[in-house]
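For reference, the chains in residue letters:
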Amino acid sequence: RRSGMSQNSFTSAGALVLQYDVFVDTYFLLEMFINFFVGFYDETQTRYYDSFSDIFRRYLTTPSLFCFDLLTSIPISYLDSAVARDCANGGTGPSTSSSGLSINDGRTIRALKVLRIFKLLRIARLFKHTSQVAEDLSSLAGPIAFKMFRLFVYLLIGVHLCSCLYWRIKSESNSTEDLDDYLDHQNVDPQDFEQVYIMCFYFILTVFCTVGFGDITGVNSSERVFCCFLFLAGVCFFGTLISQINEMVITVSRDSQELSNHVDEYISFMKRHGLRRTMQKKIRHWVRFRYSEAQIEKKNKEILGDPSLPEDLRMELAKCMQIYLFAKIPYVVNENERISTAFSAELLMRATTRYVAAFNIVADAQVPANMIMIIASGTVEVRLAPSMQRRLLRKYGADDKRRATRASRIRVLKRGDVIGDCGILGDR
């Protein structure tokens, strides 16, 4: 505000901007200090330097480093802060601030603040790492949740920038009296910068979401022209937002829809043949489990079998996938790590998944020991042969069948346990 807010410029909007400038200048100065302790890699000599003398010499003798940082990091905001304190203490614009610097000299030095724009070129290098950060966040929160978060952040940034631009256009294209009347009509305190920002943010968000309540409109040609561009940008952004959300919903629901269709085929078949409800429930439960596990197995083999994946990366991926599957096989654990990983990766590639319903026999003494069975999920009970179980039943009697069942149980295998770990060498 040119006049209405001039007396309070350091207590509202001006104070916020000044605090931000002080933070930026302090950050730039700290960056210069830290650069004296950060090693560098010389590509010409293929050598990494981490000694203080080498770092100090390189940083001072390279114009694009120290000289550029020095010119773009002059803390002009410190002078502005000193002037602001003088004005807040009742000063009316003294020629010299409490820091002892002349205001006229400060204007000359303040012109160098424009050089900080070139500092953005150095900061722009950080954007090269944003893709890696995005991948890390995606792996941490999941791709769907990360996409939703990214869309939300983009929306907030776009609305914030347009809000600031809208207020700048409005304050420059209206007189102080008209601006005061407009804010009074909107029940906004002209001296409260937060209320002004919330009003602008609210208006831009209604436009971006194509709601447009009509309570805030453009009142002159400059605002109307800006609103025209804002409408076009809002439609494009909102359309993109809807398409991205629709794509994520389709991705999430695709697998569940395929599973539902698969289960519906079984339900129709069972109803047509009049199966009991208890049996239908068991079959539905089994079909859902079998389908979900089959999809996971298919995806694992597709990724491990990708020919474009380098061998070392494939081994590392297989090592992570088999961390619990092969952890209890003695000759896999005790071997050299690389050999063990390669052997485990081949086992994982050649393995086939077998699904067994509850209370069914996985293997008995008649099955040749020519394979390794690894419990991937659930539990497996190792029991005595049927002939031995019958002997125990005769021993304890028919009335104590539960005790005979417990006595016939030798061991309970859980996830990661192995059956036939020597079977790969052949049945002996």
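Residues numbered from 1 in each chain as written. Predicted model: local features only at pLDDT ≥ 70, side-chain atom pairs only at ≥ 80, totals over all residues. Heavy atoms only, no water.

Enquirer: For this particular structure, what's the right way to read the packing of helix H8 (residues 143-173) against helix H10 (residues 193-208)?
Expert: When two helices pack together, their arrangement is captured by the angle between the axes and the distance separating the axes. With their axes 8 Å apart at the nearest point, H8 and H10 run at an angle of 120° to one another. If you check the angle between H8 and H10, you find them oblique. In the packing of H8 onto H10, the handedness of the crossing is right-handed. The segment H8 lies against H10, with Leu-155, Leu-156, Gly-158, Val-159, His-160, Cys-162, Ser-163, Tyr-166 and Trp-167 engaging Val-196, Tyr-197, Met-199, Cys-200, Phe-201, Phe-203, Ile-204, Leu-205 and Phe-208. (Axes fitted to C-alpha atoms, helices over the stretch in contact; angles between N-to-C directions. Helix = DSSP H or I, 4+ residues; strand = E, 2+ residues; numbered from the N terminus. Parallel < 35°, antiparallel > 145°, perpendicular 65-115°, else oblique. Left-handed = near helix turned anticlockwise from the far one by under 90°. Contact = heavy atoms within 4.5 Å.)

Enquirer: Explain the packing of aromatic side chains here, please?
Expert: The way to describe two aromatic rings as a pair is by their centre distance and the angle between their planes. This structure, assessed with the given rule, holds 16 aromatic pairs. For the ring pair Tyr-27 and Phe-28, a centre distance of 6.0 Å and an interplane angle of 55° mean the geometry is tilted. Accessibility expressed as a relative area gives 5% for Phe-28, which makes it buried. Between the aromatic rings of Phe-37 and Phe-52, the centroid separation amounts to 5.7 Å while the plane-to-plane angle is 35°, which identifies the pairing as tilted. Linking Phe-37 in the loop between helix H1 (13-35) and strand E1 (40-42) with Phe-52 in helix H2 (residues 52-61), this pair joins segments that are 15 residues apart in sequence. The exposure class of Phe-52 is partly exposed, given its relative accessible area of 44%. Through a chain of ring-to-ring contacts, three or more aromatic side chains come together here, namely Phe-33, Phe-36, Phe-37, Phe-52, Phe-56, Tyr-59 and Phe-66. (Phe/Tyr/Trp six-rings, centres within 6.5 Å; stacked < 30°, edge-to-face > 60°. Buried < 20%, exposed > 50% of the residue type's maximum accessible area, 1.4 Å probe, protein only.)

Enquirer: What is the right way to look at H10 in this model?
Expert: In an α-helix, one turn spans 3.6 residues; hence positions three or four apart end up facing the same way. Between its terminal C-alpha atoms H10 stretches 22 Å, which fits the 22 Å expected from 16 residues at 1.5 Å a residue. Within the sequence span of H10, burial applies to Val-196, Met-199, Cys-200, Phe-203, Ile-204, Thr-206, Val-207 and Phe-208. Two to three positions downstream of the cap, the backbone nitrogen of Glu-194 sits 3.1 Å from a side-chain oxygen, assigning the N-cap of H10 to Asp-192. Backbone geometry just downstream of H10 places Thr-210 in the positive-phi region, at approximately 55°. (Expected span 1.5 Å × (residues − 1). Polar contact = N/O pair within 3.5 Å; in protein donor to acceptor, adjacent residues only side chain to side chain.)

Enquirer: Is there a simple way to explain the nonpolar core in this structure?
Expert: For soluble globular proteins, the rule of thumb is that nonpolar side chains tend to be buried together. Ranked by size, the top nonpolar core spans 20 residues in total, and within it Tyr-166, Trp-167, Met-199, Phe-203, Ile-204, Phe-208 and Leu-230 carry the most contacts. Looking at this core, the element that brings in the most residues is H10, giving 7 residues. The residues touching Phe-208, leaving out its near neighbours within four places in the chain, are Leu-155, Gly-158, Val-159, Cys-162, Leu-230, Gly-234, Phe-237 and Phe-238. Within the second largest apolar cluster, 5 residues are counted, among which are Phe-36, Tyr-59, Leu-65 and Phe-66. (Core = buried A, V, L, I, M, F, W, Y, C linked by side-chain atoms within 4.5 Å.)

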